[in-house]
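# Structural overview
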Amino acid sequence: MTVHFIGAGPGDPELLTLKAARLIESCPVCLYAGSLVPEAVVARAPEGARVMDTASMTLDETHAEILAAETRGEDVARVHSGDPSLYGAIAEQIRRLKADGIPYAIVPGVPAYAAAAAALGQELTVPEVAQSIVLTRMSMKSTSMPEGERLEVFARSGATLAIHLGIRALREIERQLSPFYGPECPVAVVYRASWPDQMILRGTLATIHAAVREAKITRTALILVGPAMADNHGFPDSALYDAAKPHVLRPRIRGEKA
């Protein structure tokens, strides 16, 4: 018996990995976060499977379901949105599994920031503009952030910020980031990336709050901030495909004689 923590991706059932789909289709128990995982994903569960939405359940209740499945010798598909390694709340579940000697495995999924970038149709790392991405969140009503992980700390780097759980804190995000990025820094908000009702809003640190308020977006949105989010900016081509810059897989400059 194994508990499989499965990354269901951002929402589009076609963004499931082959392995994720196979496991959901074969496990007789499926526990899924219904507030973020669409029913179409868990509709793959086999006929007669025990399929439960854990959105209203406590950690004790979900673990009790796993213990019952272990007693029956049944594998469990524990389905989370995005990639379970990022804000998946699997660490405390794994701690209990280890304490009870229950085997587990993790199946990665497409993370929200990757789906958001795809929806925006752009790269998040732009040569000589931004080569790093910081995945972070606002604390709001959830677990507080460590002192060294405040937005101001990350802002000093000038990297692209992918901010989770912050759509209701845009005023605070603007206040913390404007001194470093400037009020005209481009911002993109992607609501429910890859879902049928996906919505994209673009603006700046100074204007995005009003746009989000007008659109009535209050949850399930990712905020991307940084110079790389601009629609148009002058940047050099990457050296990766530059004919004048040989590398180990292209050792000679094109046009040179051997």
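Whatever comes next refers back to the structure up there.
So, here is what we can say about the structure in this document. No experiment lies behind these values; they were computed from the predicted model shown.

## Regarding helix 7 (residues 170-181)
For helix 7, the complete set of buried residues consists of Leu170, Ile173, Glu174, Gln176, Leu177, Ser178 and Tyr181. Elements in contact with the buried residues of helix 7: helix 6 (151-155), strand 7 (160-164), helix 8 (208-215) and strand 10 (221-225).

## Observations regarding the sheet that holds strand 10
If you trace the five strands from one edge of the open sheet to the other, you get 6-7-10-8-9, paired in mixed fashion. Strands with a single pairing partner mark the edges of an open sheet, and in this sheet they are strand 6 (133-137) and strand 9 (199-204). Across the sheet, the mean angle separating the axes of adjacent strands is 20° when strand polarity is ignored. Pairing of strand 8 (residues 186-191) with strand 10 involves five bridges; the strand directions are antiparallel. In the strand pairing of strand 10, Val189 is matched with Ile223. Sheet strands touched by helix 5 (residues 112-120): strand 6, strand 7, strand 8, strand 9 and strand 10. Its angle to strand 10, the strand with the most contacts, is close to 70°. Contacts from helix 8 reach strand 8 and strand 9 within the one sheet, and its direction differs from that of strand 9 by about 155°.

## Structural notes on the sheet that holds strand 1 (residues 3-7)
As summarised here, the arrangement of the five strands in space is 3-2-4-1-5, forming an open sheet in which the pairing is parallel. The open sheet is flanked by strand 3 (50-53) and strand 5 (104-107), the only strands paired with a single partner. Here the strands of the sheet are splayed against their neighbours by 15° on average, with no regard to which way each runs. Alignment of strand 2 (residues 29-32) against strand 3, held across four bridges, turns out to be parallel. From the neighbouring strand, Cys30 faces strand 3, where its bridge partner is Val51. On top of the sheet, helix 1 (residues 18-26) reaches strand 1, strand 4 (76-80) and strand 5; it is set at about 135° to strand 1, its chief contact. Running over the sheet, helix 3 (residues 59-72) touches strand 1, strand 2, strand 3 and strand 4 and is turned about 165° from strand 2.

## Quick notes on unusual backbone geometry
In this structure, Tyr87 is a non-glycine residue whose phi angle is positive, near 55°. Note on placement: Tyr87 falls in the loop between strand 4 and helix 4 (91-99). Of note in the backbone geometry, Lys216 takes a positive phi value of approximately 60° without being a glycine. Note on placement: Lys216 falls in the loop between helix 8 and strand 10. Given a relative accessible area of 69%, Lys216 falls into the exposed group.

## Some thoughts on the environment of Gly158
Of note, Gly158 is situated in the loop between helix 6 and strand 7. Given the relative accessible area of 26%, Gly158 is considered partly exposed. If sequence neighbours within four positions are ignored, Gly158 has contacts with Tyr181 and Pro227.

## Side note on helix 1
All buried positions along helix 1 are accounted for by Ala20, Ala21, Leu23 and Ile24. For helix 1, the buried positions fall inside an angular range of 165° around the axis, keeping them on one side. Against strand 1, helix 2 (39-42), strand 4 and strand 5 lie the buried residues of helix 1.

## Quick look at the state of the cysteines
One pass over the full model with this rule turns up zero disulfides. The cysteine Cys27 is free of any disulfide, with Cys30 supplying the nearest cysteine sulfur at 7.8 Å.

Conventions and cut-offs
- Residues numbered from 1 in each chain as written.
- Predicted model: local features only at pLDDT ≥ 70, side-chain atom pairs only at ≥ 80, totals over all residues.
- Heavy atoms only, no water.
- Buried < 20%, exposed > 50% of the residue type's maximum accessible area, 1.4 Å probe, protein only.
- Helix = DSSP H or I, 4+ residues; strand = E, 2+ residues; numbered from the N terminus.
- Contact = heavy atoms within 4.5 Å.
- Pairing = 2+ DSSP bridges.
- Axes fitted to C-alpha atoms, helices over the stretch in contact; angles between N-to-C directions.
- Arc of directions from axis to C-beta.
- Disulfide = S-S within 2.5 Å.

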